[in-house]
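# Residue-level structure breakdown
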Amino acid sequence: KQWYQRRVRGGLSHNTQQDQLVVFHRGSNDWSSKQWFDQDNNVLFKTEVIKENTVLFVNPETGMVEESFGEDLFIMPHGVYIDSEDNVYLTDVALHQVYKFKKGEWSKPALILGNKYHPGSDKTHFCKPTSVVVDIAGNIYVSDGYCNSRVVKFDHTGKYLAEYGKSGTEKGKPGIMGLVHDLTIDPIHHEIHVADRENGQVHVLNYISGTFTRVYPIPGSVYSVYFSTDPPALFAVNVTNGNMESKIMTIDPATGDIKAASPSSPSPLKTPHSITHLKNFGIFAGEIAAPFKVWRFLPSSVTPPTPDTTTNNSLTKTILRKISDTQIPISVVILLAIVGMFPVTYLAIVVVARCRGGGHSRDGVDRSGFQKLLKDYDSSDDEEDLVFKKPGMIKRGRKETGTQREGER
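The following refers to the structure shown. Since the model is a prediction, treat every value here as computed from it, not as a measurement. Residue positions are counted from 1 within each chain, in the order its sequence is given. pLDDT decides what is reported in this predicted model: residues at 70 or higher carry local features, side-chain atom pairs at 80 or more are listed and counted, and totals for whole chains, interfaces and linings draw on all residues regardless. To get the side-chain values, all heavy atoms of the structure are used, and hydrogens and water are removed first.

## So, the overall build of the chain
Helix and strand definitions here come from DSSP, where helices need a minimum of 4 consecutive H or I residues and strands a minimum of 2 consecutive E residues; each element is numbered from the N-terminal end. Across its full length, the chain holds 2 helices and 26 strands. Throughout this description, buried means an accessible area under 20% of the type-specific maximum (1.4 Å probe, protein chains only), exposed means over 50%, and partly exposed covers the range between. Taking all 409 residues of the chain together, the buried fraction comes to 46%. Carbon together with sulfur atoms contributes 54% to the accessible area of the chain, which is approximately 21200 Å² in total. For the area figures, the Shrake-Rupley method with a 1.4 Å probe applies, and any residue is considered shielded solely by the protein chains shown.

## Points about the environment of Asn115
Turning to its location among the elements, Asn115 is positioned in the loop between strand S9 (111–113) and strand S10 (129–134). In this structure Asn115 comes out as partly exposed when scored by relative accessible area, which is 33%. Through-space distance from the C-alpha of Asn115 to that of Cys127 is 9.7 Å; in sequence the pair is 12 residues apart. Note on contacts: a residue pair qualifies if any of its non-hydrogen atoms lie within 4.5 Å across the two residues. Sequence-distant contacts of Asn115, that is, excluding residues within four places in its chain, are made with Leu95, His96, Gln97, Thr124 and His125.

## Overview of the nonpolar core
Residues enter a nonpolar core if they are buried and are Ala, Val, Leu, Ile, Met, Phe, Trp, Tyr or Cys, with the set joined through side-chain atoms within 4.5 Å. Ranked by size, the top nonpolar core spans 26 residues in total, and within it Leu113, Val132, Ile140, Val142, Ile192 and Val194 carry the most contacts. Within the residue set of this core, elements represented by two or more residues are S9, S10, strand S11 (140–144), strand S12 (150–154), strand S13 (160–164), strand S16 (180–186) and strand S17 (191–196). With 22 residues, the next largest nonpolar core counts Phe37, Leu90, Leu95 and Phe101 among its residues.

## A short note on the packing of aromatic side chains
Ring pairs are drawn from Phe, Tyr and Trp, using the six-membered ring of Trp, whenever the two centres fall within 6.5 Å, and their geometry is named by plane angle: stacked under 30 degrees, edge-to-face over 60, tilted for the rest. For the structure shown, the criterion picks out 14 aromatic pairs. On the basis of an interplanar angle of 70° and a centroid distance of 5.2 Å, the ring pair of Phe74 and Tyr99 is categorised as edge-to-face. With Phe74 in the loop between strand S5 (65–69) and strand S6 (77–82) and Tyr99 in strand S8 (residues 97–101), the pair connects residues that are 25 residues apart, well separated along the chain. Judged by relative accessible area, which is 0%, Phe74 ranks as buried. Residues Tyr81 and Tyr89 carry aromatic rings whose centres are separated by 6.2 Å and whose planes lie at 50° to one another, so their mutual orientation is tilted. Assessed through its relative accessible area of 3%, Tyr89 is described here as buried. Through a chain of ring-to-ring contacts, three or more aromatic side chains come together here, namely Phe24, Phe57, Phe69, Phe74, Tyr99, Phe101 and Trp106. A cation over an aromatic ring shows up here: Lys34 above the ring of Trp36, its NZ or CZ 4.8 Å from the ring centre. Definition used: whenever NZ (Lys) or CZ (Arg) falls within 6 Å of the ring centre and also within 35 degrees of the ring normal, the charge is taken to sit over that ring. In this structure, Lys128 packs its charged tip against the face of Phe37, placed 4.1 Å from the ring centre.

## Thoughts on the sheet that holds S9
The pairing of strands in a sheet comes from backbone hydrogen bonds and takes either a parallel or an antiparallel form. Taken together, the 4 strands give an open sheet; going across it, the order is S6-S7-S8-S9, and neighbouring strands pair in antiparallel fashion. In this open sheet, the two strands that pair with only one neighbour each are S6 and S9. Looking at each pair of strands side by side, their axes are set apart by 15° on average, direction ignored. Each pair of strands is called paired provided DSSP finds at least two bridges between the two strands. Where strand S7 (residues 88–92) and S8 come together, 5 bridges link them in antiparallel fashion. As a rule, the C-alpha atoms of each element are fitted with a line to give its axis, helices using only the stretch in contact, and angles between N-to-C directions run from 0 to 180 degrees.

## Quick notes on the pairing of strand S18 (residues 201–206)
The side chains of a regular strand alternate, first on one face of the sheet and then on the other. In terms of burial, S18 is largely enclosed, as 6 of its 6 residues are buried. Burial along S18 is two-sided: Gln201, His203 and Leu205 facing one way and Val202, Val204 and Asn206 facing the other are all buried. Here S17 runs beside S18; their pairing, made up of 6 bridges, is antiparallel. Bridge pairing in S18 places His193 opposite Val204.

## Side note on the sheet that holds S10
Ordered in space as S10-S11-S12-S13, the 4 strands form an open sheet in which the pairing is antiparallel. Pairing within the sheet leaves two strands with one partner each, and these edge strands are S10 and S13. Each strand axis lies, on average, 20° off the axis of its neighbour in the sheet, ignoring direction. Bridge count between S10 and S11: 5 bridges; the pairing is antiparallel. Bridge pairing in S11 links Val134 to Ile140.

## Observations regarding the state of the cysteines
By definition, disulfides here are pairs of cysteine sulfur atoms that lie within 2.5 Å. Following the criterion strictly, the structure yields 1 disulfide and no others. Disulfide partner of Cys127: Cys147, at an S-S distance of 2.2 Å. Where Cys127 bonds to Cys147 through sulfur, the torsion about that S-S bond is close to -50°, and the disulfide is left-handed. Remark: Cys147 occurs in the loop between S11 and S12 and Cys127 occurs in the loop between S9 and S10; sequence separation between them is 20 residues.

Structure (structure tokens):
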């Protein structure tokens, strides 16, 4: 569902200690509105610094902004990353820089990588850097980015250590990349997944050995990737068919197989740019252009790419998913089922007795006043309990029609 709207352009992440979504946005600056860069990738409008706070800490349930900072600092925000200590890392493609802010110390950056306004491809320069991740040892990895097609590694102090990847359009070759648009880190297997946007691929870099081990294709252009450790899963968001069939995918990080995907046509996502996942809150995807929304996807809105087309099986799976979401103890479910059998048994006895006795029971009690049982569904607005139809039909509540509920789109 549409969850949050405030001219979101840029990146999404989240902090771990407070369960907040972190939005890094461009305010009124629009990359597509005019020619921002010259042929050498120098920004042409250095004075157009965003006057409002560009980093927003948002409640993932209500959408309320709980904290913000970053005014008068950035021109063209792109990516945001939060490390295990809730330090904030930000990339700006116009400044050609990466900023680190320690948690709660928003007035001054603790570290700046890159040379302001000066693009380059050496150890101290970036050219439109896009994303950041940090490993458990504190080493910093920067995707660089729109020009250089590389991943650059620094230690925690900002000292250059290494770089990985080469520019190219050949598909299926690990480390041969086009536009390196996003990074996500898998600390379990010591791997970084690299979104190669225009080549429609994800490259896997082992950051211990410094080698690319594999690459797998993604339909269309892959804009953002996010690795979740709990449970282990890789999420990706793509753009296909002119922004008309964008979708969120769950991918097996070992094989690259797409295990599930949100509906692609019609899709609420038009220009997805970034994605993140918050345990207990769902998957969040931010749009880069109008209407500038963040969409929240609940787990039940991600379905297998080749769903079961059998009506009864699909409906049963939907009901089971909704039951499992409520987390009712199994003992309670069994007890309710046993209790529910008594009135049904009683009604069956009454019907048999009425049929055999012609309206009078053998004990002399007059039962001619009983009306016939309904043979089908009563459409009265007061009927909100379980409805029983012909044998073999599933019992369901009147308000549960098998379609997706509002908020699960």
